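# Examining the three-dimensional arrangement
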Amino acid sequence: MNKKISLGAAIAYMAIVAAVVFCLTMFYSEGRYNAMYNNITEREREYALLAEIDQYARKTYAGSIDEESIRAGIAAGYISGLGDPYAKFLTDREYEAYQRSETQKYVGIGVTTELDPDGYIRVRTVYPQSPAATAQMQAGDLIVSVDGTSATKDNYTELVGSFRGAAGTKVNLVYRRDTEEMTVELTRREIDTPTIAMTMLDNVAYLRFSDISDNTSEHLDTALRQASQSGAQALIFDIRGLQSDNVDVIGNMLDTLLGKMTVIYAEDLTGAMEAIVDSDESEVTLPMVVLADNGTTGTTELFAQALRDTGKARTVGENTFGKGTRQSYYKLKSGAAVYLTVARYAGPAGETYDGVGIPADYEIHYPADLDKGATMGNPEYDNQLRKALEIAATTIKTETANNTAAG
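Residues numbered from 1 in each chain as written. Predicted model: local features only at pLDDT ≥ 70, side-chain atom pairs only at ≥ 80, totals over all residues. Heavy atoms only, no water.

Helix and strand counts for the protein chain stand at 10 helices and 21 strands. Within the span of the protein chain, comprising 407 residues, buried residues form 39% of the whole. Pairs at least 24 residues apart make up 66% of the contacts formed inside the protein chain by residues separated by at least 6 positions. Carbon together with sulfur atoms contributes 52% to the accessible area of the protein chain, which is approximately 23400 Å² in total. (Helix = DSSP H or I, 4+ residues; strand = E, 2+ residues; numbered from the N terminus. Buried < 20%, exposed > 50% of the residue type's maximum accessible area, 1.4 Å probe, protein only. Contact = heavy atoms within 4.5 Å. Areas by Shrake-Rupley, 256 points an atom, 1.4 Å probe, with all protein chains shown as cover.)

Structurally, Asp293 is set in the loop between strand E16 (288-292) and strand E17 (297-298). On the accessibility criterion, Asp293 (2% relative accessible area) is buried. At 3.0 Å, the side chain of Asp293 and the side chain of Lys372 are in polar contact. (Polar contact = N/O pair within 3.5 Å; in protein donor to acceptor, adjacent residues only side chain to side chain.)

Spatially, six strands are ordered E10-E11-E12-E16-E18-E21 in an open sheet, and the strand pairing comes out mixed. Each edge of the open sheet is held by one strand with a lone partner, namely strand E10 (196-201) and strand E21 (362-363). (Pairing = 2+ DSSP bridges.)

Leu207, Phe237 and Leu307 are the most contacted members of the largest nonpolar core, which totals 37 residues. Counting residues per element, the ones that place at least two in this core are strand E11 (204-209), helix H6 (216-229), strand E12 (234-238), helix H7 (247-257), strand E14 (261-267), E16 and helix H8 (299-309). It is H7 that contributes the most residues to this core, six residues altogether. Apart from residues lying up to four places away in sequence, Leu307 is in contact with Phe237, Leu254, Leu257, Leu258, Met288, Val290, Lys312 and Ala313. Counting 19 residues, the second-largest nonpolar core is a separate cluster that includes Ala132, Ile143, Val171 and Leu173. (Core = buried A, V, L, I, M, F, W, Y, C linked by side-chain atoms within 4.5 Å.)

To continue, consider the pairing of E16. A large share of E16 lies buried, amounting to five of its five residues. Because side chains alternate across E16, one face comprises the buried residues Met288, Val290 and Ala292, and the other comprises Val289 and Leu291, equally buried. When E12 meets E16, the two strands line up parallel, connected through four bridges. In the strand pairing of E16, Asp238 is matched with Leu291. Of the strand pairs in this sheet, E16 and strand E18 (residues 313-317) are connected by five bridges, and their pairing is parallel. Note that in E18 the partner of Val290 across the bridge is Thr315.

Attention now moves to helix H2 (residues 67-81). Look at H2: 21 Å from first C-alpha to last across 15 residues, which is about the 21 Å you get at 1.5 Å a residue. Put simply, Asp66 is the residue that caps the front of H2, since its side-chain oxygen is 3.0 Å from the backbone nitrogen of Glu68. Following H2 by one or two positions, Gly83 has its phi on the positive side, about 80°. (Expected span 1.5 Å × (residues − 1).)

In the contact formed by H6 and H7, the axes pass within 8 Å of each other and the chain directions differ by 25°. With respect to their mutual orientation, H6 and H7 come out roughly parallel. Crossing hand, H6 versus H7: right-handed. Mapping the contact onto sequence places Thr216, Ser217, Leu220, Asp221 and Leu224 in H6 and Val249, Asn252, Met253, Thr256 and Leu257 in H7. Looking at the contact of H6 with H7, its residues break down into five nonpolar, four polar and one charged. (Axes fitted to C-alpha atoms, helices over the stretch in contact; angles between N-to-C directions. Parallel < 35°, antiparallel > 145°, perpendicular 65-115°, else oblique. Left-handed = near helix turned anticlockwise from the far one by under 90°. Nonpolar A, V, L, I, M, F, W, Y, C, P; charged D, E, K, R; others polar.)

Attention now moves to the pattern of salt bridges. If you walk through the whole model with that rule in mind, you get 16 salt bridges. For Arg176, the salt bridge goes to Glu181, with nearest N and O atoms at 2.7 Å. With a closest N to O distance of 2.7 Å, Asp238 and Arg240 form a salt bridge. Like Asp238, the residue Arg240 is buried in the burial classification. Overlapping salt bridges, with partners in common, bring together Asp54, Arg58 and Glu67 in one network. (Salt bridge = Lys/Arg side-chain N within 4 Å of Asp/Glu carboxyl O.)

A large share of E11 lies buried, amounting to six of its six residues. Burial along E11 is two-sided: Val204, Tyr206 and Arg208 and Ala205, Leu207 and Phe209, pointing in opposite directions, are all buried. With six bridges joining them, E10 and E11 adopt antiparallel strand pairing. Paired with Ile196 across the two strands is Phe209, which belongs to E11. Where E10 hands over to E11, the hairpin turn is made up of two residues, of which Asp202 adopts a positive phi near 60°. Two elements, E11 and E12, share five bridges in a ladder whose sense is parallel. What sits directly across from Tyr206, in E12, is Ile236. As a crossover connection, the stretch from E11 through H6 into E12 is right-handed. (Right-handed = clockwise from strand over helix to strand, strands pointing away.)

Keep in mind these values describe shape, not function.
In structure tokens:
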């Protein structure tokens, strides 16, 4: 049975609905207005502060003012004020140089390094047939100066960056081995940089990473084939001291090792999780151990976390650094760019390691009295590697016994 309402009741009902809509609209508009007003007020304060500084500088500053430097300084100051430890401002020239470096092949002297506690540049790896290898440099050598500039903790990044450059250009190094100092002039050239060295230690394949490059996932495929052909029954991945922000290559490596699942997530500023890397059904089933330390940084940590989250591997060594953030470049109209943190990474379990790192299942510190650059990777001295080999051997025996019982 249909009920009819009077015209007056209908008009009253419509009035109530209109009032509710009006109130909601007013609340929303007021909120937007307040936010906009506060934003405008804050910007006015910023501009007023800058204008006041500019006024005094132009009236009283005894030096000359470079307008371009002023603009770059203001932009860099804003980025610094965000409190983002990884954010930075790049001038148009700096951003152009960065883009060139991303598209060019590796041209340099052929070494990987780490910061020595005394501020020197310690050589970790010398690439075969590189300028450094030709000059008979070795892992463990301490570079004490580059082109006449003494190496310190403060200029480590700058000096190591100078190892790369245009093919045919030269760099002069002074390096120390034991108590002897040697001077050498190296000519930079293009180098095919192997990033993974595979060594068989009994029935365990020891894969030592020296770098993460665009070709590292291909190097991993090659190393795994070599391990299989050599009869490896377990794998040890050594990513100690390795820094990377290349999530694509890490994702490709995890795709090779893990079965069908989401292996990498990104958590945005709202806390929402987005799946950014999925692996297919193929996987490597050998027992795995990951060697990591407090120098393992960035997406390299994500490699350890994903293998640990899935139960594929145990970790040995030290808690990793804890840089789990994702950054992106944004080009500005002027040609300059800003580099900002936009998300945090998480492994298959959906937990981010940013600020906390990846814990070691077996925490072991490298002997302080040993030269790490010269002894790392040698089981006679490397106690972390010895523990990884012990875990691998135990896992092999356990799986062999389980298979025998099942058969």
